[in-house]
Amino acid sequence: MSAPKVVIIGAGIVGANLADELTARGWTDVTVLDRGPLPRTGGSTSHAPGLVFQTNPSKAMTDFARYTVEKLLSLDCFLQVGGMEVATTPARWEDLKRKHGWATSWGVPGRLIDAAECVERWPLLDGSRIFGALHVPTDGLARAVKAVEVLAARAGSRGARFIGSTKVTDVLTDRGRVTGVRTDQGDFPADVVVSCAGFWGREIGAMVGMDVPLLPLAHQYVTTGQVAELAGRNTEEIEASLPILRHQDQDLYFREHVDRLGIGSYAHRPMPVDESTLDPTVCGTAMPSMLPFTEDDFAPSWEESKLLLPALGATKVEEGFNGIFSFTPDGQSLVGESADVRGFWLAEAIWVTHSAGIAKAVAQLLVDGHAEVDTHDIDVHRFEEVQLAPSYVRETAQQNFVEVYDILHPLQPKLSPRDLRVTPFHARQRELGAVFLEAGGWERPHWFEANAPLLKKLPHDALPPARDAWSAQFHSPIVAAEAWHTRNGVALYDMTPLKRVEISGPGSLELLQSLTTNQLDKSVGSVTYTLMLDAAGGVRSDVTVARLEPEVFQVGLNGNIDVDHFVKHAPAGVQVRDITGGTCCIGVWGPLARDLVQPLSHEDFSHAGLKYFRARRARIAGVPVVAMRLSYVGELGWEIYTGADNGLRLWDALWAAGQPLGVIAAGRAAFNSLRLEKGYRLWGTEMTTEHDPYEAGVGFAVRLAKGDFLGRTAIEGRTPARRLRCLTIDDGRTVVLGKEPVFVDGVAAGYVTSAAYGYTVGRPIAYAWLPASADVGSSVEIEYFGRRVAATVAAEPLVDPGMERIRR
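Residues numbered from 1 in each chain as written. Predicted model: local features only at pLDDT ≥ 70, side-chain atom pairs only at ≥ 80, totals over all residues. Heavy atoms only, no water.

With respect to unusual backbone geometry
Cut-off, in case you're wondering: Only runs of H or I of at least four residues qualify as helices and only runs of E of at least two qualify as strands under DSSP, and these elements are numbered from the N terminus.
Residue Pro 417 is bonded to the preceding Ser 416 through a cis peptide linkage, with omega at -5°. Tracing the backbone shows Pro 417 in the loop between α10 (390–402) and α11 (426–431). Of note, the amide linkage connecting Glu 796 to Pro 797 takes the cis form, showing an omega dihedral of 0°. As for its position among the elements, Pro 797 is in the segment after β41 (787–794). If you check the backbone angles, Met 803 has positive phi at about 65° while not being a glycine. Here Met 803 is to be found in the segment after β41.

This is the structure we're talking about:
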């Protein structure tokens, strides 16, 4: 079978890398088109300053950056001068300790250095202003335009064509599939079209009716006059030798240009750009991605630059421009195939830092059907429909620009826009003093202030120790009361934001069987926890499947990425319908859950009447529901689903009936603690496509004997070299938050996924990826803000290993 014809729109650093990666894998019929001249096309690559700082809170983005460094080094298109991020405030110094932890977790070499060493490495610094820096010796400068030339030549030697000064005017389709592109120079047939058009990406996406959640923004960059202290230090051939430098407390970065300095600033107001108004002409240094410099916006940054680097007082800003690049609602890239037009792909909002790594991942997705680095963080289908609205994209992308160098807590929510999606219970939750965080546009209660009086009623040993200032943010001691009450009474949890679809029609069982690992050919009323794998055997999701009728299944998913996966694989006659917005769900959990629910229903909610992992249609207080005997917190109870129109009535009925039992509403913080005590995994955090079921501890959800399914061949006979392990913190008080490195025998050997205080077991818990040799009882250390915290590998689950509580 011959390789498909591929057209790549955009000949910048991403398009050139993708052509190189595809042709290296045997897909040589590749045409790269750009509206600008080659090789300096006038896009963001043409003016990119090229700084590559690899360390990122996302493991995947760090991996993409590391590959980019390695590849560009091999092409002689990278100056590995190292990178320094300085701290001029105590808060930033603490944050650099956290960032050093990320680097250690993801395998990036780095060191925290004191002010004296900072000055030694960067003699222009005023050492009295800094506390220290994070130094990463493998960071440096990408020569982006040179890289495009080298990559184009190499891809061209394998058969790729690069054609400049050719504007794409339409993407051609037939019956929902790409057939080519139309340009001002004629048509180009294609089986696959990949948009690597950068800030023109929205325009290309619109050609196939695809909303591309991207906003072009201008970012200021200046070059100084000669700096005397740099004279004679560098050459035109090797234009930099000092580490690239970040001054994040003032939203600035610096690099050398021979004997001058380049300075980039994010300190100015956001400057959104309407790309349709840009002059596409490229002539010398004039190009569409470089807008006129607005001097007043840079003036404060220039003063701050002179404070950090006093030598700049003897020079001036010689030239500057406002350069355009792309921001998204969550600051991540956009990769994936259109849900509606097969063969049309995006690879957008990708900075030089991650360009080669993401291009490699896209090539692997196209050629092999899976990537070795997990891509869910950048999958274009991660957004909810409400998040694709132009007003939402415009506001959130600008806020991401403002916050790009800010110190952000992992739980820190958006301040705006809010209240985009609320559940039917929202009004009641507000009355109870819910403290809401936000995810996917949904308002989600984290805890309830109304439960504060319960703290006084807790047993003394149920009260957790005080937290440090960082882990205490977006947290309340009230969570202890909510967790305790769930274990000892009954609580209502709002589970509405859980993504769910209805899959129905002839062939629906066969579809589910082919995409999941567990046996789903069971009786009506069965509920099954199962996994979806990619072709390499990585866990692409975990889902819960309820068979409500012979050809009707309700499937609980992890998000829109899963919806897209089912839709793309569904044969004719099988309907995949997102029912999340039209339904709602209350988790009723705790030892008194049956005492609350049974009096409200004529159906049998006894253990014999509705066993664990069974579902049934019923009426509760007259409200038609689907009740599923599931519990993500490890207690007796049900997930109770009904239509959104009946949701408030259901809540009110349960709330009123539960008053004699002391029912409470509980939030996500308690939920997370309770699920970790039970060892329940959270996909995207504990496990991704980079992990197989056996090492992730979910091999029980695999039934090889059921027959073929996606990924089956890849996982047969595997012996895990690493394991997801439960840790308990030895000091009984330090609560880590995730992504911290874990040391075994003094050597960094893994990283934390999720963590919480375990209110039932009375000590902090963390889950971590570790070598398989780190067995139960092993002593390890977690690095938390620069200090080592002792922990012990524990047998899991920590609570109710015999499942007696959940099966009452």
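Section: helix α16 (residues 647–658)
As a reminder, the rule being used: Any helix carries an expected span of 1.5 Å times its number of residues minus one. Accessibility here uses a 1.4 Å probe with only protein chains present; expressed as a share of the type maximum, an area under 20% marks a residue as buried, one over 50% as exposed, and anything in between as partly exposed. Relevant arc is that of directions from the helix axis to the C-beta atoms, nothing else.
A rise of 1.5 Å per residue sets the reference length of α16, with its 12 residues, at 16 Å; its end C-alpha atoms lie 16 Å apart and thus fit the reference within 8%. For α16, the full list of buried residues reads Gly 647, Leu 650, Trp 651, Ala 653, Leu 654 and Gly 658. Burial along α16 is one-sided: seen end-on, the buried residues are contained in an arc of 165°.

Digging into the packing of helix α1 (residues 13–24) against helix α9 (residues 355–368)
For any two helices packed against each other, one specifies the inter-axial angle together with the distance between the axes. Defined as follows: Lines fitted to C-alpha atoms define the axes here, with helix axes fitted over just the stretch in contact, and angles between the N-to-C directions of these axes take values from 0 to 180 degrees. Oblique is the label for any angle not covered by the other classes, which are roughly parallel (under 35 degrees), roughly antiparallel (over 145) and roughly perpendicular (65 to 115). Left-handed describes a crossing whose near helix is turned anticlockwise from the far helix by less than a right angle; the clockwise case is right-handed. Note on definitions: a residue-residue contact is assigned when non-hydrogen atoms from the two residues lie within 4.5 Å. Under this grouping Gly is polar, as are all residues other than the nonpolar Ala, Val, Leu, Ile, Met, Phe, Trp, Tyr, Cys and Pro and the charged Asp, Glu, Lys and Arg.
Axis separation between α1 and α9 bottoms out at 8 Å; the angle between their running directions is 45°. By the angle between their directions, the pair α1 and α9 is classed as oblique. Crossing of α1 against α9: the hand is right-handed. Mapping the contact onto sequence places Ile 13, Val 14, Asn 17, Leu 18, Glu 21 and Leu 22 in α1 and Ser 355, Ala 356, Ala 359, Lys 360, Val 362, Ala 363, Leu 366 and Val 367 in α9. Tallied by class, the residues present in the contact of α1 with α9 amount to 10 nonpolar, 2 polar and 2 charged.

Thoughts on the pairing of strand β36 (residues 722–729)
Note the threshold: By the convention used here, strands pair only if DSSP detects at least 2 bridges between them.
Counting buried positions along β36 yields 6 of 8 residues, so the element is predominantly enclosed. In this sheet, strand β39 (residues 763–771) lies alongside β36 in antiparallel orientation, the contact comprising 7 bridges. Bridge pairing in β39 places Cys 726 opposite Tyr 767. Bridge analysis of β36 against β41 gives 4 bridges, and the strand direction is antiparallel. Bridge pairing in β41 links Leu 727 to Val 793.

Structural notes on the packing of aromatic side chains
Here the distance between the centres and the angle between the planes together describe a pair of aromatic rings. Using the following cut-off: In this scheme Phe, Tyr and Trp rings, the latter by its six-membered ring, pair at centre separations within 6.5 Å, and the angle between planes marks the pair as stacked below 30 degrees, edge-to-face above 60, and tilted otherwise. A ring is scored as having a charge over it whenever the NZ atom of a lysine or the CZ atom of an arginine sits within 6 Å of its centre and within 35 degrees of its normal.
According to the stated counting rule, one finds 26 aromatic pairs in the structure shown. On the basis of an interplanar angle of 25° and a centroid distance of 5.8 Å, the ring pair of Tyr 529 and Phe 700 is categorised as stacked. Remark: Phe 700 occurs in the loop between α17 (668–677) and α18 (712–715) and Tyr 529 occurs in strand β27 (residues 527–533); sequence separation between them is 171 residues. Judged by relative accessible area, which is 18%, Tyr 529 ranks as buried. Arranged with centres 4.9 Å apart and planes meeting at 90°, the rings of Tyr 784 and Phe 785 form a pair that is edge-to-face. Here Tyr 784 matches Phe 785 in class, with each residue buried. The structure contains a cluster of three or more aromatic residues connected by ring pairs, namely Tyr 221, Tyr 253, Tyr 266, Phe 321, Phe 325, Phe 327, Trp 351, Phe 401 and Tyr 405. The aromatic ring of Trp 200 is capped on one face by Arg 35, whose charged end is 3.8 Å from the ring centroid. Against the face of Trp 769 rests Arg 722, its NZ or CZ located 5.2 Å from the ring centre.

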